[in-house]
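# Structure assessment
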Amino acid sequence: MKIHSLDVYILDLPIIRPHQLAMHTITAQAIVVGCVRDEDGREGWSEVATIGGASYGESTPEAIKANIDAYITPLIIGEDPIHFDRIMHKVSKQVRGNYFAKTVVEGAIIDLAARSKHVPAFELFGGQIHKSLPIAWTLASGNTNTDIEEAQEMLRTKRHNIFKLKIGKGDPFKNVEHVRAIKQAIGDEARITVDVNQAWDEDTSNYCIAALQDAGVSMVEQPLQTWDFEGMSRLASKFNVPIMADEAATSIQDVFRIAKNRAGNSIALKPCKHGGLTQTKKVAGIAEASGLGLYGGTMIESSLGTAMCAQLYATIPEMKFGTEIFGPLLFKDSITKNAIEFSNFEIVIPDGPGFGMEIDKEKVKHYARPSASGTEL
Ligand code: MUC
Ligand code: MG
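For clarity, every value in this text was computed on a predicted model and none was experimentally measured.

## Some details on the overall build of the chain
Along the chain, the regular secondary structure elements total 13 helices and 13 strands. The globule rule puts the C-alpha radius of gyration for 377 residues at 21 Å, and the 20 Å found for the chain is close to it. Its C-alpha atoms give the chain principal-axis dimensions of roughly 60 × 40 × 40 Å. The buried share among the 377 residues of the chain stands at 50%. Pairs at least 24 residues apart make up 73% of the contacts formed inside the chain by residues separated by at least 6 positions.

Given below as structure tokens:
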């Protein structure tokens, strides 16, 4: 069985409401979808998501596609998908960084490899530990009252009882008031966490985190910029509320440095940040060895990318903070024929062959940007 081709598509998928982060408000979500085919026409599919062009991170959808097409695809043609680790090791020798691009490529190869064996992808990663995992929802409408109503509805329907509040945009003191008001309205019925997405400096963080801790917030994600390992380390030793590294926790080497310097006491996992599923398992290993708590993060992938994350997170013994892979619930439409199940405050791990999702090619075609390369679907 040999890889014959890899096609990469950029899609813009509509979402149900604007999603406001510190640096960007998402109105349509850009995802990158990969399709690898073997010589007999069998396919494997994968997805990564990006947020706000280049405003969240360096990997833009355009760069992901361009770098795969130019530099990675030629390295994987003719290889046997079942040896995906060997293939990605070969890629890593020729292509630096480009973690999102590597995740698209590795994901599609793994989906194909697992499908060829008629097993879910998690069987290639040690097998399934969790059948379902706790699932947070992000309150990010940009309006306090709308967020409160949204949270109450999620609690009533037993969809989520962990809420992550996206803060960091605008006046930090107003950010704190926004969190306080939501926490007060929700009370102890749900866990409230915040994600600052690098928007504060250390002084602002010192003041605001003290207030957030006092308000009963149970985790603070990436308050400082990615380069500020020392600042994160000081915050983590100063406060009792867990400080989570997200944007700073990318390569396995960065995660090791975080663990060594305690630049955060927990880590948001995201396969796209780490360079694929295999690398994500290694990050989980570093975290386990150093006592860092783990969170199943998202870049707001649609159903396919969410299934990739879910299947991998299902193989990690201890997910102390649960997950936030709610992406499919924020999208108006889906590129898969089947849907992921969310019930009783948990996400049910898809367990069909590969990542367990059946691609809807018409939808891929419908939402794909016109492109000079990529096989006609
Ligand atoms: C992030 O920084 O964690 C995850 C959930 C959400 O609302 O935004 C993302 C990105
Ligand atoms: Mg984050």
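So, next bit.
## Details of the domain arrangement of the chain
Under the domain assignment, the chain is made up of domain 1 (3-123 + 360-367) and domain 2 (125-348). Using C-alpha coordinates to define each centre, domain 1 is positioned 23 Å away from domain 2. On the domain 2 side, the residues contacting the 41 residues of domain 1 number 41 residues. Those elements that place two or more of their residues in the side of domain 1 that touches domain 2 are strand E1 (3-20), strand E2 (25-38), strand E3 (43-50), helix H2 (84-94), helix H3 (99-116) and helix H13 (361-367). Of all the elements, E1 adds the most residues to the side of domain 1 that touches domain 2, at nine residues. Class assignment for the residues of the side of domain 1 that touches domain 2 results in 24 nonpolar, nine polar and eight charged.

## Some points on the pairing of strand E6 (residues 162-166)
Two faces, one strand: in a regular strand the side chains alternate between the faces of the sheet. Across the five residues of E6, five count as buried, placing the element largely inside the fold. Both faces of E6 are covered, namely the face carrying Ile162, Lys164 and Lys166 and the face carrying Phe163 and Leu165. Sheet topology note: the strand E5 (residues 137-139)/E6 ladder contains three bridges and is parallel. Bridge pairing in E6 links Trp137 to Phe163. In this region the chain leaves E5, passes through helix H4 (residues 144-156) and returns to the parallel neighbour E6; the handedness of that crossover is right-handed. By the bridge criterion, five bridges tie E6 to strand E7 (residues 191-195) in an arrangement that is parallel. Residue pairing across strands places Phe163 opposite Ile192, the latter belonging to E7. For the crossover that starts at E6, traverses helix H5 (residues 172-186) and ends in the parallel E7, the hand is right-handed.

## Some words on the UniProt feature "domain: Mandelate racemase/muconate lactonizing enzyme C-terminal" (unreviewed entry) in the chain
Using the residue numbers shown here, the UniProt feature "domain: Mandelate racemase/muconate lactonizing enzyme C-terminal" (unreviewed entry) corresponds to residues 145-242. End C-alpha atoms of residues 145-242 are separated by 27 Å, and the span's content is 52% helix alongside 12% strand.

## Re the sheet that holds strand E12 (residues 342-343)
Pairing within the open sheet is antiparallel, and its three strands lie in the order E4-E13-E12. Of all strands in the sheet, those bounded by a partner on one side alone are strand E4 (132-134) and E12. In the sheet, E4 pairs with strand E13 (residues 346-348) via three bridges, with the strands oriented antiparallel. By the bridge assignment for E13, Ser132 is matched with Val348.

## With respect to the packing of helix H1 (residues 61-76) against H3
Helix-helix packing: each pair is described by the crossing angle between the helix axes and the interaxial distance. Where H1 meets H3, the axes come as close as 10 Å, and the angle between the chain directions of the two elements is 50°. With respect to each other, H1 and H3 are oriented oblique. Seen from above, H1 lies across H3 with right-handed handedness. Contact with H1, carried on its side by Ile64, Asn67, Ile68, Ile72 and Ile76, involves Phe100, Ala101, Val104 and Val105 of H3 and no other residues of that element. Residue composition of the contact of H1 with H3, by class: eight nonpolar, one polar and no charged.

## Remarks on the nonpolar core
Core analysis: the biggest nonpolar cluster contains 116 residues, and Val104, Val105, Val220 and Ile267 have the highest contact counts within it. Per-element accounting of this core gives the leading share, eleven residues, to H3. The residues that make up this core include at least three from each of domain 1 (3-123 + 360-367) and domain 2 (125-348).

## With respect to the site of ligand 1
Around ligand 1 sit Leu21, Thr138, Ala140, Lys166, Asp195, Asn197, Asp246, Gly297, Thr298, Met299, Ile300 and Glu324, and that is every residue in its neighbourhood. Partitioning the shell around ligand 1 into residue classes produces four nonpolar, four polar and four charged.

Calculation criteria
- Residues numbered from 1 in each chain as written.
- Chains lettered and ligands numbered in written order.
- Predicted model: local features only at pLDDT ≥ 70, side-chain atom pairs only at ≥ 80, totals over all residues.
- Helix = DSSP H or I, 4+ residues; strand = E, 2+ residues; numbered from the N terminus.
- Rg over C-alpha atoms; globule rule 2.2 N^0.38 Å.
- Buried ≥ 20, exposed ≤ 12 C-beta atoms within 10 Å, placed from the backbone.
- Contact = placed C-beta atoms within 7 Å.
- Domains from an automatic or database assignment.
- Nonpolar A, V, L, I, M, F, W, Y, C, P; charged D, E, K, R; others polar.
- Pairing = 2+ DSSP bridges.
- Right-handed = clockwise from strand over helix to strand, strands pointing away.
- UniProt positions renumbered as here; feature names shortened; annotations may be inferred.
- Axes fitted to C-alpha atoms, helices over the stretch in contact; angles between N-to-C directions.
- Parallel < 35°, antiparallel > 145°, perpendicular 65-115°, else oblique.
- Left-handed = near helix turned anticlockwise from the far one by under 90°.
- Core = buried A, V, L, I, M, F, W, Y, C linked by C-beta atoms within 7 Å.
- Near = placed C-beta within 6 Å.

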